[in-house]
Every structure is written in C-alpha cells, then in structure tokens.
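Spelled out, the chains give:
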Amino acid sequence: MRAQRKQQQPLTDASAVRVPGRAPNWIIPTVKALLVVADALAAAGSFIFAFYLREGTSAFASDGTLWWSDQFAPYGALMLFVVGIRLLSFRYCDLYRLRGEFSLVDDAIRVFKATAIGSLLIVAAAFLYRGGFEFRAFSYARGVFVADFFLVLVSVVAIRFGMRSAQSFARSRQINLIPTLVVGRGPEASLFIREMRERPSLGYRVIGVVDTHAAEMQPIGNYEGVPVIATLEGLPEAIRDSGANEVIIADPQVSGDALFEVMMRCGRRRGVEFRIAPSLFNCLPRKTEIDQIGVLPMIRLFREPLSSGARILKRTFDIVTSALAIVLLLPLWLLLALLIKLDSRGPIFYTQERVGMDGRLFLLYKFRTMIADADPELHREYQRAFIAGRAEANLGDAQKPTYKLFADPRITRVGKFLRRTSLDEVPQLINVVMGDMSIVGPRPPIPYEVEAYELWHRKRLDMKPGLTGLWQVSGRNRLPFEEMVRLDLFYIENWSLLLDLKIILRTGFVMIGREGY
C-alpha cells in the first residue's frame, strides 16, 4: 500500500522571526569614533614617551605649561604628521571593522602591518619635512622612531584587546548579534546553524532558513530548530520582512543563475551581505574575498565593485583631472559656445536625464548638437531595437556593422562636427565634479533604455557612468549592445587606476582620429 504523503506544513511568516534592532544606530559610529580618539592619543603619547626614553628629558616646558620644550620642539613640529599618518594606516589596514567574527591574532597582525607602514611613512616625512624651515638643519634621533614603533604596537594592541573583550562580553549575552538567513537544508547548513548556536561570540544569530528544494520535496516547518521562512524565489521578500543583515548560501546544488537573479533583485541598498559555501564556485564573480566563520571557510561576495580605498582613489583622480581639464579647456568652451549660437537657435547646453550608479537619476550636460526641441521618439525606437539585438539595429552591413543613427535629420551642422570629434561630451566634466559621473566608466543610459534592459544588463549600474570607457575605445558604434555590456562588466570587475589611464590615453587617439560618430 502506498505510504500516505505527509501533510505539507506552511512556511513560517518571515516577519515573525524579526528580532529587535541589533543596537541603536548611534552605537557603532560612536564606538568607531572612540577608537579613533584612542588611537590618536596612543600615537601622540607613544611619540612623546619615545622621546623621553631616548633623550631622558620631558617633552614639555619646565615652567609647567603645555608648551613643547626646546629639545622636543623639532619633534613637536611633526606631531600632526605622526597622528595623521597613524590613523590613515590603521584605516588602510581595516582596524576599525567591528562587524562579524574577529580573531585577536588577525587583529594583532593587522596592527603590526599598520604600525610598520605608519613608521616608515613618519620617518620619510621627518627627513623630508624636517620640522619646516625653522628646523631644517636639525638631525632627528633614529632611536626615537624605533621606540615609537614598539610603543604604538603595544598600546594599539592593548586598545584592540580591550575593545574585542567588550564585544565578546556583549555577544555572549545575545547583544548586537547579526540576524542571518541560511539558504539550504543540507549538511553545510546544519553545520553552520549548530556552530552559530554554540558560539554566539562569532556574532551571528540564525533567524530563518530558506528552502531551495520546495518544489521537489515537502517543505518543513523548521530545520535544526530554526523556522523555514521562504523559498529561494521569495528570498528578497524574506530579507525585507525578517530584517536580516546577512545571507549564508549553504546549498551546493543551488542554481548559479537563480542565485544571481535573487541577488540582483535584492540589490545593495538594503546593506545585506551575501556569503557562499566554498563548493559553490560555479556561480562566483571574479571579485571575492575568503574569510572564516568559526570552523567554516566562507567566500564573501563583494557588495561593492570597488573597495573603500579604491573608491577614494578613483574619486580623487576624477576631481583633480576634471577640475584641471575644465580650466585648460575654457577657451575651447567659449569657442564652441559661439559656434553653436551662430549655427542654430536654442541654448548652448543640452541637459538630459540619465541613469547613474544604483539607478539614481541625474541631469547630464552636453553641448547641444540638435535643433531645439527635437523629438526623442526616433532615438527611443532605435535604442529598443539596439538593446533587443534586432537585425534592423545594424545600419551598416555584415562586414562593417554600424550601430548608430548617422542619418539623423535633427543634428545641426556644428553638431555633426562635435559628435564626430566627441567634443559635445566635454561639458560632462561638470557631472564628474558634481559626483554624478566618473572620468572612466560605463556609458550613462537614458531611463527608457534601462526599461528595456534584461536583469544582467543592470550590472552596468554598479559603478558610476563615465565620460569615456572601455566600450568607447574598443569599437564604439561597431559593437552590438550585448558586447558593450560585456565590456562594461569587464571594466567593473577589473578596475585599476592603470586601466583608467590606458583608456584615457586611447580616448585621445579616438578623438584625434575623429571616430566619435
């Protein structure tokens, strides 16, 4: 007799597993601020005490005031450099990260690395700056810098040990744990759930399980004592309703395409971390980071295409380059503005709504190349065909494909020249200064273009659009849309300052060769 099938148990409502806030929003920023203050005091105090150990005299004046003594004055002139370099090196080595698991050994290694880097930079600053004009002939004692290295190392390790002890104490009492969802019901998921339950000091609280095989087997009410709250397709809604901050992918059989689609639907705005079991290499992007939670190795999927340091470097490069270009090209701006006004009626600049990073809308500036009040419907229809990959989007032939509206009656005489030389895009330097765009990046799409995107096309929006980019210098109007997207994704995943410089150099040759249109 056929065994009677078990009655299907309904999934637990995701909102029912929501836990109270990990901590007030001001707690973490306050703790980080206190760490910065403590590190600054440690850096200054260590430098002063190092001088005392080496010279045997106080760094302060003998009259009881807080002024530097005459002997310490050349070193005092370096104090701002000392404190600033120390804090920057600590930030560079990620010593202000409070989230997730930690290891005192790893913390100590990072402190050693940051202290060594900082000491080398301080020595370089001391012997280049030499305390300014007043102490240009002064010879600094090397022993002060050696002693400062060891004092900073000990004091900062002690600060981190105290901070981590307080963090462990709070976590052992179920305070400020990260609400986490586990995807899968296999051995990896079971091991992870048990590990998190037995070791709250790791900083995680598993609040729900996401079932990946609901269509193949009967869903269950709970797994390893944790409620099953959703299927993989319902993961974005489960994240929203449960308030989860992290998602652990612990099912080796999960479809890479399905997982990628779910992650795209979740987006980065919710601030959710995705981690994946090491066996799931079939769906990994190139930018990954390996760490460990308890005894379990995990691979962290980058929520941001660039690290914080890379973003700062790229933004600094953008500001300096765009500001300098605006100043140097000002005479050209005036000349082009005059030609535009003489050629046709209408404004000098053309503004258009474009889609930037993470789907944010902004106004893009260009020199006007069309007649005033031109109807955008012609371009709208062409872009739909271009994105869909239809044959009519190729206005050339099989040997020389062309994906551009050359015979556009809306373009003015001066506009043809500006487009051919790409000079119409020069005002986008204003967008770069404002932070809407970057010098190099994907092409900024128009909102009605994004409406026609497939899901994977939206990965182009993970980085600020650029005035130029890899697509612009790799064939531009000769490339179909799918190839353009692949080039943009390659750039996003392989960004480096050197790659930006190469693209900028190649852009110059494209403009000289008048390949812009």
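Residues numbered from 1 in each chain as written. Predicted model: local features only at pLDDT ≥ 70, side-chain atom pairs only at ≥ 80, totals over all residues. Heavy atoms only, no water.

**Let's talk about the overall build of the chain**
Here is step 1: Looking only at helices and strands, the chain has 16 helices and 12 strands in total.
Here is step 2: Within the chain, the proportion of its 517 residues that are buried is 45%.
Here is step 3: Put simply, 73% of the contacts in the chain that link residues at least 6 apart link residues at least 24 apart.
Here is step 4: Summed over its atoms, the accessible surface of the chain is roughly 26800 Å², and 61% of this surface lies on carbon and sulfur atoms. (Helix = DSSP H or I, 4+ residues; strand = E, 2+ residues; numbered from the N terminus. Buried < 20%, exposed > 50% of the residue type's maximum accessible area, 1.4 Å probe, protein only. Contact = heavy atoms within 4.5 Å. Areas by Shrake-Rupley, 256 points an atom, 1.4 Å probe, with all protein chains shown as cover.)

**Details of the confidence of the model for the chain**
Here is step 1: Chain-level statistics for the chain give a pLDDT mean of 79 and a share of 76% at 70 or above.
Here is step 2: Low pLDDT (under 50) marks residues 1-8, which in the prediction has four contacts with non-local residues, meaning those over four places away or in another chain. (pLDDT = per-residue confidence, 0-100.)

**A look at the pattern of salt bridges**
Here is step 1: Under the defined criterion, the tally for this structure stands at 17 salt bridges.
Here is step 2: Here Asp241 ties to Arg240 by a salt bridge, and the two come within 3.2 Å at their closest N and O atoms.
Here is step 3: On the accessibility criterion, Arg240 (47% relative accessible area) is partly exposed. (Salt bridge = Lys/Arg side-chain N within 4 Å of Asp/Glu carboxyl O.)

**Considering the side chain of Gln167**
Here is step 1: Mapped onto the fold, Gln167 is located in helix α5 (residues 142-172).
Here is step 2: Judged by its relative accessible area of 13%, Gln167 is buried.
Here is step 3: Not counting chain neighbours up to four residues away, the residues in contact with Gln167 comprise Leu98 and Phe102.

**Notes on helix α7 (residues 235-242)**
Here is step 1: Every buried residue of α7 is listed here: Leu235, Pro236, Ala238, Ile239 and Ser242. One side of α7 carries all its buried residues, which in axial view fall inside an arc of 165°.
Here is step 2: Among the residues trailing α7, Gly243 stands out with phi positive, at a value near 75°. (Arc of directions from axis to C-beta.)

**Considerations on the pairing of strand β2 (residues 204-211)**
Here is step 1: Within β2, seven of the eight residues are buried, which leaves it mostly tucked inside the rest of the structure.
Here is step 2: Of the strand pairs in this sheet, strand β1 (residues 178-183) and β2 are connected by six bridges, and their pairing is parallel. Looking at β2, one finds that Ile178 is bridged to Tyr204.
Here is step 3: Note that the unit made of β1, helix α6 (residues 187-198) and β2 has a crossover that is right-handed.
Here is step 4: As paired elements, β2 and strand β4 (residues 226-231) share three bridges and run parallel to each other. Residue Val210 lies in a different strand from β4, and its bridge partner there is Ala230. (Pairing = 2+ DSSP bridges. Right-handed = clockwise from strand over helix to strand, strands pointing away.)

**A look at unusual backbone geometry**
Here is step 1: At Glu224, a residue that is not glycine, the phi angle is positive and equals roughly 55°.
Here is step 2: As for its position among the elements, Glu224 is in the loop between β3 (222-223) and β4.
Here is step 3: Phi at Ser422 is positive, roughly 65°, even though this residue is not glycine.
Here is step 4: By the element assignment, Ser422 lies in the loop between α12 (413-421) and α13 (428-434).
Here is step 5: Take Ser422: its relative accessible area is 9%, and that puts it in the buried class.

**Comments concerning the pairing of strand β10 (residues 361-367)**
Here is step 1: Across seven bridges, strand β9 (residues 349-355) lies against β10 in antiparallel orientation. The residue of β10 that forms the bridge with Thr351 is Tyr365.
Here is step 2: From the end of β9 to the start of β10, which pair antiparallel, there are five residues, and Asp358 there has a positive phi angle of about 60°.

**A word on helix α10 (residues 330-343)**
Residues separated by three or four positions in an α-helix point in the same direction, a consequence of the helix having 3.6 residues per turn.
Here is step 1: The end-to-end C-alpha separation of α10 is 20 Å, in line with the 20 Å expected for 14 residues at 1.5 Å each.
Here is step 2: Three or more residues of α10 are buried, namely Trp333, Leu336, Ala337, Ile340 and Asp343. The arc that holds the buried residues of α10, viewed along the axis, is 135°, so those residues lie on one side. Exposed and facing more than 90 degrees away from the buried side of α10 are Pro331, Leu334 and Leu342.
Here is step 3: Its buried side turned inward, α10 meets α9 (308-328), β9, β10, α12 and α13. (Expected span 1.5 Å × (residues − 1).)

**Remarks on the packing of α7 against helix α8 (residues 256-266)**
Here is step 1: Two numbers describe how α7 lies on α8: the axes approach to 9 Å, and their chain directions differ by 40°. As the angle between them shows, α7 and α8 are arranged oblique. For the pair α7 and α8, the contacting residues are Leu235, Pro236, Glu237 and Ile239 in the first and Val262, Arg265 and Cys266 in the second.
Here is step 2: Tallied by class, the residues present in the contact of α7 with α8 amount to five nonpolar, no polar and two charged. (Axes fitted to C-alpha atoms, helices over the stretch in contact; angles between N-to-C directions. Parallel < 35°, antiparallel > 145°, perpendicular 65-115°, else oblique. Nonpolar A, V, L, I, M, F, W, Y, C, P; charged D, E, K, R; others polar.)

**Quick notes on the nonpolar core**
Here is step 1: If you look at the biggest cluster of nonpolar residues, it comprises 37 residues, and the most contacted ones within it are Phe367, Leu418, Tyr491 and Ile503.
Here is step 2: Counting only elements with at least two residues in this core, the list comes to α10, β10, α12, α13, β11 (438-440), α15 (481-493) and α16 (497-512).
Here is step 3: The element that contributes the greatest number of residues to this core is α15, accounting for seven residues.
Here is step 4: Leaving out residues up to four positions away in the same chain, Leu418 has contacts with Leu336, Ile340, Phe367, Arg368, Thr369, Leu423 and Asp424.
Here is step 5: Counting 36 residues, the second-largest nonpolar core is a separate cluster that includes Ala50, Leu87, Ala126 and Phe145. (Core = buried A, V, L, I, M, F, W, Y, C linked by side-chain atoms within 4.5 Å.)

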